[in-house]
Amino acid sequence: MSAPATTDYPKIWKRPGLITNLHVQRGVVALVVLYFFWSIGSLDLDWHRFSQGFERAGNLFGRMLPPDFSRWELLLKGVSESIQMAFAASFFGMALAVPVGLCAASNLAPKPVYLVARGIIVITRTFHEVIIAIIFVKIFGFGPLAGMLTLVVASLSFISKMLAEDIENLTPGSLEAVRATGASFPKFLVYAIIPQILPRYLGVSIYRLDANIRHSTVVGIVGAGGIGQVLQASFNRYDYDFSLAILISIVALVFIGEFFGAWIRSKLR
Amino acid sequence: MTLEEHAKRYPEVWRKFNPRQSLIRYAWYIGIVFVAVWSIHQLEIPWIYFLDAHVQTADLLVRMFPPDWWFFLEVIDPLVETIHIATLGTAVTFVIAFPLAFLSARNTTLNNATWFIGRFILVTSRSVNTVVWGLLFVAIFGPGPIAGIWAIAARSIGFLGKLVAEAIEEIDEGTVEAIEATGASRLQVLWLGVLPQVLPVIWGTTVYRWDINIRESTVLGFVGGGGIGIILYSSINQFAWREVGIMLISILMVVILSEFISATIRKWIS
Amino acid sequence: MLTITDLVKQYPTGLKALHGVNLSIDEPQVVAIIGPSGAGKSTLIRCINRLVEPTTGSIILDGTDVTKLGRRELRRARRRMGMIFQEYNLVERLTVMENLLSGRLGYVGFWRTFRRNYPPDDVQAAYQLLDRVGLEGYENTRADALSGGQRQRVGIARALMQQPDLLLIDEPTASLDPKTSRQIMRIIVKLAHESGTPALLNIHDVPLAQAHADRVVGLADGNIVFDGKPDELTEEVLTQIYGEEDWSTTVGHDEDETRKRPRRRTKLEREAAAG
């Protein structure tokens, strides 16, 4: 293209940015930089301790190795308790999520019911499992019951939210068609709603089972049973070699859970 | 057409599943119920506790009222710290997960060894919960926000890295081919062929993770990772329910606000 | 200019796409390659700039054997070959100008690419080309906001930005409607002739090839079965290329033309899977 020497074409081109105004662009960058200064400054980060951290990390890993599996009975009890909590919680969560999910679908439920159901979902979703767990511990005492209830609440909130969104996304046409046959509400549910959302409901539930296995390892930190409780105890006693053994078991457990979930999902398809 | 033929051609019974399929389905149902019942049985739940659960719950709620409104002032600082931990943790995550994602995607990794290392880091990061990472980093750095920031980052790297690596693996290879065909270097192909395609995913996922991290950082204080969790934990242990009520309300507000911000930004990106 | 000798391509799956192809282009002309799906058209074109690695044979472009080049020299060779794709293959989220300038990547260092800082001459050439393909005023439009025909114009301009010695064009009109197809073919042929660039063009639309190409090559089952002027394409020759039996045997073989994309997972599935 070098041959036709036309000079009336511009030689400069500037990429139009998302924020076109240069001042606004610089302002945004300045704000971000300022935020980092403010946050880092206000956190009162102890740089001395930070620099010591590497040495302490080396120390810690030194004390962790080799992992101590000698108390395998305690370990196994914790792991199986976590798994049982996860299974039981997924089951109850799945069951309870159906009514809540139906009530939280705006195209199905009357307004007041819808608002209450959405309120339940928002509140339960907002609080971290560990906060819910500690409150259950205060009500029901230490042990796996509090942990299981925590996971039930978390599953309920997750599955019912997905369920409600799925129902809201159904095409109105298919719903109308079944309604037009003169079906009653229960029949309408069985014929119009359930067949369309069942596969996703099962899929989401299995994801939740997987997630419950992960979370069952952590609710024990506040005394709600499972392997987390054993881990917390070992950290408190500075039994770091046992801690590493527990951590390895947790990673293995999460791995198996993920694998298992993937296997069931492949069966469902 | 005889009656017999007619009956054969138009049977009176129609089943969605044949007997074998039905059997398998029911076996699954029974299996699920069995596993659930077995789990509950093994947990040895003291059902008697449920008898007075409603009394306990009501009692707890009553003791949260009237909320100690002045306590709000004391919550502000820890809340801000919580948000800082989440934001700085997400920033650290971004810096580390960005190159890691390219290393963990089959089509942009250097060789099998780098791919394996990348995947290994992502899987390890994801398998351990933020709070458990918190325990570990508190043991390393001592209690405080530094441990919290690293705990947040340690868990989020796996999340961000995995999602971005998947996005990289699903890009339109045709575009990459076209950029390669112009004689571009490997770095140029990454920068102009791959990156523009995954940039929205990178930003969207980062913002989404930030919003999850806000929630996560509210409990890091339980294990000494800084933020509002520290005072929440001590108030709960002292049964100071009026203070707990205030803190729960403020957490609710912050989390909902951050969810709203995150949703708005993500909508704006796409 | 371009001489292909005994080019063979066998895919790892065992499928033999090219059975010793010989082809040479000695003057600036538009050569249309016609043939049924799976005949190896796409493979042939992609072997020339080695997006597909040839198994044996040689491809000599202006004295250098492309098949023997190392990574660095291959990049230099690719700079000299502009390529136009069926699916346009633009970077969808970048502007038209950035897509055009990506044609100069082989000449620009990474740092300049990083800062989107292109040489003024390139920018000027890009503006000029935009004008030539009929897209003046579109430089700041994002590629994903364009229609199919407009995208293909960007694709053409990008290839020409390389100031290539050879144009490789893979089914430029297969994703376009008949009217746009004609316009695109006219632009390609006009610009190729004006710049004196030889072009190798895959096309399955025979009338379109006849109307625009200077020379037609018929490929069937990885062999060249016809090479001549467009008006020499008789019924007889066409049956030889597109014979009915050939159709039935090649239908399942078009691995190099249609690549299957994996099913995209839903957002929920990814996010849930990640934690």
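Basis of the calculations
Residues numbered from 1 in each chain as written. Chains lettered and ligands numbered in written order. Predicted model: local features only at pLDDT ≥ 70, side-chain atom pairs only at ≥ 80, totals over all residues. Heavy atoms only, no water. Helix = DSSP H or I, 4+ residues; strand = E, 2+ residues; numbered from the N terminus. Rg over C-alpha atoms; globule rule 2.2 N^0.38 Å. Buried < 20%, exposed > 50% of the residue type's maximum accessible area, 1.4 Å probe, protein only. Areas by Shrake-Rupley, 256 points an atom, 1.4 Å probe, with all protein chains shown as cover. Domains from an automatic or database assignment. Contact = heavy atoms within 4.5 Å. Buried area = accessible area lost by both parts, 1.4 Å probe. Salt bridge = Lys/Arg side-chain N within 4 Å of Asp/Glu carboxyl O. Polar contact = N/O pair within 3.5 Å; in protein donor to acceptor, adjacent residues only side chain to side chain. Nonpolar A, V, L, I, M, F, W, Y, C, P; charged D, E, K, R; others polar. Axes fitted to C-alpha atoms, helices over the stretch in contact; angles between N-to-C directions. Parallel < 35°, antiparallel > 145°, perpendicular 65-115°, else oblique. Left-handed = near helix turned anticlockwise from the far one by under 90°. Pairing = 2+ DSSP bridges. Core = buried A, V, L, I, M, F, W, Y, C linked by side-chain atoms within 4.5 Å. Expected span 1.5 Å × (residues − 1). pLDDT = per-residue confidence, 0-100. Phe/Tyr/Trp six-rings, centres within 6.5 Å; stacked < 30°, edge-to-face > 60°. Lys NZ or Arg CZ within 6 Å of the ring centre and 35° of its normal.

Caption draft 1: Main features of the overall build of chain B. If you tally the helices and strands in chain B, you get 12 helices and zero strands. Going from N to C terminus, chain B has its helices and strands arranged as α-α-α-α-α-α-α-α-α-α-α-α. Relative to the 2.2 N^0.38 estimate, which gives 18 Å for 270 residues, the radius of gyration of chain B is 27 Å and therefore markedly larger than a compact globule would have. Principal axes of the C-alpha set define a box for chain B whose edges measure 90 × 70 × 35 Å.

Caption draft 2: A look at the overall build of chain C. Within chain C, the regular secondary structure consists of 11 helices and 10 strands. Counting all 275 residues of chain C, 57% fall into the buried class. For chain C, the accessible surface area stands at approximately 11800 Å², while carbon and sulfur atoms represent 48% of it.

Caption draft 3: Broad picture of the domain arrangement of chain B. Segmentation of chain B into domains returns domain 1 (1–60) and domain 2 (72–269). Spacing between the C-alpha centres of domain 1 of chain B and domain 2 of chain B amounts to 39 Å.

Caption draft 4: Representation of the interface of chain A and chain B in the model. At the interface, 58 residues of chain A touch 64 residues of chain B. Per-residue buried area on chain A facing chain B is highest for Leu 43, Gln 84 and Lys 138 of chain A; these three make up 12% of the total on that side. Along the contact surface separating chain A from chain B lie two salt bridges. We note a salt bridge from Glu 258 of chain A to Arg 126 of chain B, for which the minimum N-O separation is 3.1 Å. For the pair chain A and chain B, the number of links is eight residue pairs in polar contact (both at pLDDT 80 or more). It is helix H10 (residues 240–268) of chain A that contributes the most residues to the side of chain A that touches chain B, nine residues altogether. Within the side of chain A that touches chain B, the residues separate by chemical class into 41 nonpolar, eight polar and nine charged.

Caption draft 5: Representation of the packing of helix H6 (residues 144–169) of chain A against helix H8 (residues 185–216) of chain A within the structure. All names here are of chain A. Taken N-terminus to C-terminus, the directions of H6 and H8 make an angle of 150 degrees; their axes are 9 Å apart at the nearest point. The angle between H6 and H8 falls in the class roughly antiparallel. Of the two elements, H6 crosses H8, and the hand of that crossing is right-handed. For the pair formed by H6 and H8, the contact residues are Leu 151, Ala 154, Ser 155, Phe 158, Ile 159, Met 162, Leu 163, Asp 166 and Ile 167 on the first element and Ile 193, Ile 197, Arg 200, Tyr 201, Val 204, Ser 205, Arg 208, Asn 212, His 215 and Ser 216 on the second.

Caption draft 6: View of the sheet that holds strand S10 (residues 223–228) of chain C. Residues and elements named next belong to chain C. The six strands lie next to each other as S6-S7-S8-S3-S9-S10, forming an open sheet whose pairing is mixed. Every other strand in the sheet has two partners, leaving strand S6 (81–84) and S10 as the edge strands with one partner each. In this sheet, neighbouring strand axes are inclined to one another by 20 degrees on average, regardless of whether the strands run parallel or antiparallel. Together, S6 and strand S7 (166–170) form the strand contacts of helix H6 (residues 148–161), whose direction differs from that of S6 by roughly 175 degrees.

Caption draft 7: Layout of the nonpolar core. Counting 94 residues, the largest nonpolar core has Ile 131, Met 148, Leu 231, Phe 235 and Ile 246 of chain A together with Phe 137 and Leu 232 of chain B as its most contacted members. The contacts of Ile 131 of chain A, once residues within four sequence positions are left out, are Thr 218, Val 219, Phe 222, Leu 232, Leu 248 and Ile 251 of chain B. In this structure, Tyr 127, Leu 167, Ile 188 and Val 189 of chain C belong to the second largest nonpolar core, which totals 78 residues.

Caption draft 8: Representation of helix H12 (residues 241–269) of chain B within the structure. Over its 29 residues, H12 of chain B extends 41 Å from the first C-alpha to the last, a length consistent with the 42 Å expected when each residue adds 1.5 Å. Among the residues of H12 of chain B, Trp 241, Val 244, Gly 245, Ile 246, Met 247, Leu 248, Ser 250, Ile 251, Val 254, Val 255, Ser 258 and Ser 262 of chain B are the ones counted as buried.

Caption draft 9: Up close: the confidence of the model for chain B. Within chain B, residue pLDDT values average 86, and 100% of them lie at 70 or more. The element-level mean pLDDT for chain B is lowest in helix H3 (residues 48–51) of chain B, coming to 72, with helix H8 (residues 145–169) of chain B highest at 91.

Caption draft 10: Just the pairing of S6 of chain C, in detail. Residue and element names in this part refer to chain C. Residues Met 81 and Met 83 of S6 are buried on one face, and the alternating residues Gly 82 and Ile 84, pointing to the opposite face, are buried as well. Pairing of S6 with S7, which is carried by four bridges, proceeds in the parallel orientation. Residue pairing in the sheet places Met 83 in a bridge with Leu 168 of S7.

Caption draft 11: Looking closely at the pattern of salt bridges. In the structure shown here, the tally under the stated rule is 26 salt bridges over all chains. Note that Glu 216 of chain B is salt-bridged to Arg 209 of chain B, the shortest N-O span being 3.7 Å. Summarising the burial analysis for this pair, Glu 216 of chain B and Arg 209 of chain B share the class buried. We note a salt bridge from Glu 194 of chain C to Arg 132 of chain C, for which the minimum N-O separation is 2.0 Å. Of this pair, Glu 194 of chain C sits in helix H7 (residues 178–195) while Arg 132 of chain C sits in helix H5 (residues 120–132), and the two are 62 residues apart along the sequence. Taking relative accessible area as the criterion, Glu 194 of chain C reaches 48% and is therefore assigned partly exposed. For Arg 132 of chain C, a relative accessible area of 26% corresponds to the partly exposed category. A single salt-bridge network, built from bridges that share partners, covers Asp 210, Arg 214 and Glu 258 of chain A together with Arg 126 of chain B.

Caption draft 12: Structural detail: the packing of aromatic side chains. Scanning the model with the defined rule gives 19 aromatic pairs over all chains in all. Between Trp 191 of chain B and Phe 110 of chain C, the ring centres sit 6.2 Å apart and the planes meet at 80 degrees, which makes this aromatic pair edge-to-face. In this pair, Trp 191 of chain B sits in helix H10 (residues 186–217) while Phe 110 of chain C sits in helix H4 (residues 110–115), so the two residues belong to two different chains. The class for Trp 191 of chain B is partly exposed, based on a relative accessible area of 23%. Residue Phe 110 of chain C is classed as partly exposed on the basis of its relative accessible area of 26%. Put simply, the rings of Phe 94, Phe 98, Phe 102 and Trp 203 of chain B pair up and form one aromatic cluster. A cation over a ring is seen here: Arg 208 of chain A above Phe 158 of chain A, with NZ or CZ 5.4 Å from the ring centre. In this structure, Lys 9 of chain C packs its charged tip against the face of Tyr 11 of chain C, placed 5.0 Å from the ring centre.

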